[in-house]
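# Fold and geometry: a report
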Protein chains: 2
Amino acid sequence: MITIQDVAKAAGVSVATVSRVLNNHPSVSEKTREKVQRTIDQLNYQPNLLGRNLRRSETKMILVLLQNIANPFYSKIVKGMEDVGYKNGYHIMICNTDSDPIKENAYLKLLKNRLVDGVVFMAPVISDEELTEISKNYCVVQCCEYKEFADVSSVSIDNEAAAYKATQHLISQGHRRIGLINGNSGIISESQREKGYKRALQEAGIEIDSQLIMYDSYGYRGGQRAAKYFLSIDKRPTAIFAVSDIIAIGAIKEIKEKGLSVPKDMAVVGFDDTGIASMYDPPLTTVAQPRYDLGRVTMEIMLERIRNNEAESKRVFLEHSLIIRESTVG
Amino acid sequence: MITIQDVAKAAGVSVATVSRVLNNHPSVSEKTREKVQRTIDQLNYQPNLLGRNLRRSETKMILVLLQNIANPFYSKIVKGMEDVGYKNGYHIMICNTDSDPIKENAYLKLLKNRLVDGVVFMAPVISDEELTEISKNYCVVQCCEYKEFADVSSVSIDNEAAAYKATQHLISQGHRRIGLINGNSGIISESQREKGYKRALQEAGIEIDSQLIMYDSYGYRGGQRAAKYFLSIDKRPTAIFAVSDIIAIGAIKEIKEKGLSVPKDMAVVGFDDTGIASMYDPPLTTVAQPRYDLGRVTMEIMLERIRNNEAESKRVFLEHSLIIRESTVG
DNA sequence: AGGTCATATGTAACCCATTACATAGGAGGA
DNA sequence: TCCTCCTATGTAATGGGTTACATATGACCT
């Protein structure tokens, strides 16, 4: 392996000068710079970042902890983070936690052991207090899901307002019995979306019927199960608001399988506007999150925090929008 | 920051002894070990991995280069890699290349700069020669897609045989005019699958009609465009083999939109058995790859190579299977 | 000429953990 | 008692950069 020493010797200068050339330090004469650069090129020298990282005590790596990359919701968010990181010389490291606290903890070691300069939590399972504590010593930002009582920056949409808008849309289509298929993993968006759903009903003078609120796992099967239940009850709903596209699609599949039509017999709204929403049959009405920007802003806040460790934590909410497609409008 | 020096001082031993305790070196007396461990716990000392990495010249990180994590095909593969890596103390770093040679090259710097111990290519854009060259000095494995003439280990399925089987299935359903929707990105699976498609036709005594072979970008739109074309030509095909599920779904959407039925008017086969295949309406007949195992085996070969740098490169082919659903069978 | 100052470069400490080698101290045998 | 050998521990070199500080060189001024 070629080291800075080898380059220094070959170029007839000291390692300090080579280092200065590598880092574009101004106090190197043009002549020397050229000579050193030529030697670097000749030897095809690549600085060993392990040495640099140790000395600088930084790695220019950001860890992104998400539940599972299988979730199509994440891809554009990660893209936003990557683009901003890349521009600033940072690399992104994506890791699946499977919402397993043990795994999450294992990855947090990378932070504590200085192998990454910061961590983005997409769905923290750690407690509010621990998260706040970690944030005192390390750079942490939350994206989309966040811990309400943790004093740690977060970037998300206003889930309550988004759910309110989605439910209102169903009401405006004449629906009075509207089912909610919520997740059951205890993340903050669930309770916020339920609040928005309830507020829309209340404001429209519709009584909240706990029979119409189902909790199941995120995913296709959860949607199928919930829809099956809704179709089985006495006064079945005429519309469903599902807190994710995949849940909504599971529900639609179930409804169609029963020989019913979407949206005529049952309207369905999803959430996230993942790729499948527009591809499905019928195309899905859904709440679009500004995914790229969620990632972009998250990374901007992260870099700000890395540069100024004293930066105050903040909550940022980005705009969402309701995308109306054929699953709710005949 | 607490260093090994602090621990040594507090415990009244040398740094060497602390290091030995950290690394479970046998030549430490039980008494000393306990004393040091107590101090470590008391100070909540976390070894700085930057120091360790520099000294050991390894980072226990593996870089996985894929085109884009948005592709649902990857998630289980990555899971397989992670599980094996995790068990062996390795972390996985996922990076999107967008098939951009510049980005790919930038990430390869992480390898050359020693920031990762190895690289998995899921879709190399680099040339066969360069790849072979890199593999001489660094640990590299290819997964799913690979460079045919690069002397670098790879793990994949037999794409030719899989496409042969898929096409044969359509033939067995009585189809004689079978369209192929292939990708146009030049990866090896494209030509292999086309070969398999052609072989199945030839063996069944069906003439190959170049009118029935379309090349478009991977993705929903590509599928739609190709289907639109197939529906417009004179002697339209009665079945389509698409080289990815998303392409197939784009095609189905287009077919249904024209008021035709799948599979009655047009049967469709996809590839990969991604989640959407079973969720779609109709559920999609597709070729399932052993995705978890592809990842698992890839990582096993990687670790083998890391441990024994002299290990020979090899090509591993895992079993695939055709999953028949309603998009081809009434 | 002598002094001041800026520029360019070198020397060596430093980041933190690992480990080869050295050594102290105790056990056991002659 | 003296010697050998083993165990436990310490000392210091090491990995590859970065950078504070020291110094050499030369320009410019009086």
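Residues numbered from 1 in each chain as written. Chains lettered and ligands numbered in written order. Predicted model: local features only at pLDDT ≥ 70, side-chain atom pairs only at ≥ 80, totals over all residues. Heavy atoms only, no water.

### Observations concerning the packing of helix 2 (residues 15–22) of chain B against helix 3 (residues 30–43) of chain B
Residues and elements named next belong to chain B. The condition is simple: What counts as an axis is a line fitted to C-alpha atoms, over the stretch in contact for a helix, and the angles between N-to-C directions run from 0 to 180 degrees. Helix and strand assignments come from DSSP, with helices taken as H or I runs of at least 4 residues and strands as E runs of at least 2, each series counted from the N terminus. Just so you know how the angles are binned, under 35 degrees is roughly parallel, over 145 roughly antiparallel, 65 to 115 roughly perpendicular, and the rest oblique. Throughout, a contact is declared for two residues whenever any of their heavy atoms are within 4.5 Å. Three categories are distinguished: nonpolar for Ala, Val, Leu, Ile, Met, Phe, Trp, Tyr, Cys and Pro, charged for Asp, Glu, Lys and Arg, and polar for the others, with Gly belonging to the last.
The N-to-C vectors of helix 2 and helix 3 enclose an angle of 90°; their axes lie 10 Å apart at closest approach. Taken together, the axis directions place helix 2 and helix 3 in an arrangement best described as roughly perpendicular. Within the contact between the two elements, helix 2 uses Thr17, Val18, Val21 and Leu22 and helix 3 uses Thr32, Arg33, Val36, Gln37 and Ile40. Along the lines of polarity and charge, the residues of the contact of helix 2 with helix 3 split into 5 nonpolar, 3 polar and 1 charged.

### Section: the pairing of strand 1 (residues 61–66) of chain A
Residues and elements named next belong to chain A. We count it as follows: Throughout this description, buried means an accessible area under 20% of the type-specific maximum (1.4 Å probe, protein chains only), exposed means over 50%, and partly exposed covers the range between. Pairing between strands is defined by DSSP: at least two bridges between the two strands are required. Whether a crossover is right-handed depends on one test, that the path from the first strand over the helix to the second runs clockwise when the strands point away from the viewer.
Here strand 1 lies mainly inside the structure; 6 of its 6 residues are buried. Bridging between strand 1 and strand 2 (residues 91–96) involves 6 bridges; their strand directions are parallel. Along strand 2, the bridge assignment pairs Ile62 with Ile92. For the segment spanning strand 1, helix 5 (residues 74–87) and strand 2, crossover handedness is right-handed. Bridging between strand 1 and strand 3 (residues 118–121) involves 4 bridges; their strand directions are parallel. Directly across from Ile62, in strand 3, lies its bridge partner Gly118.

### Digging into the state of the cysteines
Counted only if it meets this: Disulfides are defined in this document as cysteine sulfur pairs within 2.5 Å.
Inspection of the entire model under this criterion finds 0 disulfides over all chains. Sulfur of Cys144(A): no disulfide; nearest cysteine sulfur belongs to Cys143(A) and is 3.9 Å away.

### What to know about helix 5 (residues 74–87) of chain B
Residue and element names in this part refer to chain B. Quick note on the threshold: How far a helix is expected to stretch is found by multiplying one less than its residue total by 1.5 Å.
Taking 1.5 Å of rise per residue, the 14 residues of helix 5 would be expected to cover 20 Å, and the 20 Å separating its terminal C-alpha atoms lies within 8% of that figure. Buried residues dominate helix 5, accounting for 10 of its 14 residues. Of the residues making up helix 5, those classed as buried are Tyr74, Ser75, Ile77, Val78, Gly80, Met81, Glu82, Asp83, Val84 and Gly85. Downstream of helix 5 by one or two residues, Gly89 has phi in the positive range, about 80°.

### What to know about the domain arrangement of chain A
Residues and elements named next belong to chain A. Stated formally: All the domain ranges listed were derived from an automatic or database domain assignment. The term buried area denotes the loss of accessible surface (1.4 Å probe radius) that occurs when two parts are joined, taken as the sum for both partners. By definition, a salt bridge exists where a carboxyl oxygen of Asp or Glu is found within 4 Å of a side-chain nitrogen of Lys or Arg.
Annotation of chain A at the domain level lists domain 1 (4–47), domain 2 (58–157 + 291–320) and domain 3 (159–288). Distance between the C-alpha centres of domain 2 and domain 3: 29 Å. Contacts between the two partners involve 8 residues from domain 2 and, on the opposite side, 14 residues from domain 3. Between domain 2 and domain 3, the buried area comes to about 1000 Å², and carbon and sulfur atoms account for 56% of it. Taken as a group, Glu145, Ile157 and His320 account for 54% of the area that domain 2 buries against domain 3, more than any other trio of residues on that side. Here domain 2 is connected to domain 3 by 0 salt bridges.

### Let's talk about the packing of aromatic side chains
Filter applied, for reference: Classification of ring pairs rests on two measures: the distance between centres of Phe, Tyr or Trp rings, Trp counted by its six-membered ring, which must be within 6.5 Å, and the angle between planes, read as stacked under 30 degrees, edge-to-face over 60 and tilted in between. Distance and angle both matter: a charge sits over a ring if NZ of Lys or CZ of Arg is within 6 Å of the ring centre and within 35 degrees of the ring normal.
Considering all chains together, one arrives at 7 aromatic pairs over all chains under this definition. Relative to Phe230(A), the ring of Tyr229(A) lies with its centre 5.5 Å away and its plane at 50°, an arrangement referred to as tilted. Its relative accessible area of 25% is what places Tyr229(A) among the partly exposed residues. When its relative accessible area of 0% is taken as the criterion, Phe230(A) is described as buried. Pairing Phe73(B) with Tyr74(B) gives two aromatic rings, centres 5.9 Å apart and planes at 50°, and the pair type is tilted. The exposure classification of Phe73(B) matches that of Tyr74(B), with both residues buried. Here the basic side chain of Arg193(A) rests over the ring of Phe271(A), its NZ or CZ set 3.5 Å away from the ring centre.

### Comments concerning the environment of Glu82(A)
Which entries qualify depends on this criterion: For this analysis, a polar contact is any N or O atom pair within 3.5 Å, provided that within protein one partner can donate a hydrogen and the other can accept it, and provided that sequence-adjacent residues contribute only side-chain to side-chain pairs.
With respect to the secondary-structure elements, Glu82(A) resides in helix 5. Expressed as a C-alpha distance, the spacing of Glu82(A) and Val15(A), which sit 67 residues apart in the sequence, is 33 Å. Setting aside residues no more than four positions away along its own chain, Glu82(A) makes contact with Ile92(A), Cys95(B), Asn96(B), Lys103(B) and Tyr107(B). A polar contact is formed between the side chain of Glu82(A) and the side chain of Asn96(B), at a distance of 3.2 Å.

### Digging into the pairing of strand 2 of chain A
Strand 2 of chain A sits mainly inside the fold: 6 of its 6 residues count as buried. Alternating residues of strand 2 of chain A divide into His91(A), Met93(A) and Cys95(A) and Ile92(A), Ile94(A) and Asn96(A), and every residue in both groups is buried.

### A look at the packing of helix 5 of chain A against helix 6 (residues 101–112) of chain B
To be explicit about the condition: Take the far helix as the reference: if the near one is turned anticlockwise from it by less than a right angle, the crossing is left-handed, and if turned clockwise, right-handed.
One way to put it is that helix 5 of chain A packs onto helix 6 of chain B with a least axis distance of 14 Å and a crossing angle of 70°. Accordingly, the angle class assigned to the pair helix 5 of chain A and helix 6 of chain B is roughly perpendicular. For the element pair helix 5 of chain A and helix 6 of chain B, the recorded crossing hand is left-handed. Where helix 5 of chain A abuts helix 6 of chain B, its residues Lys79(A), Glu82(A), Asp83(A) and Tyr86(A) lie against Ile102(B), Lys103(B), Ala106(B) and Tyr107(B). For the contact of helix 5 of chain A with helix 6 of chain B, a count of residues per class yields 4 nonpolar, no polar and 4 charged.

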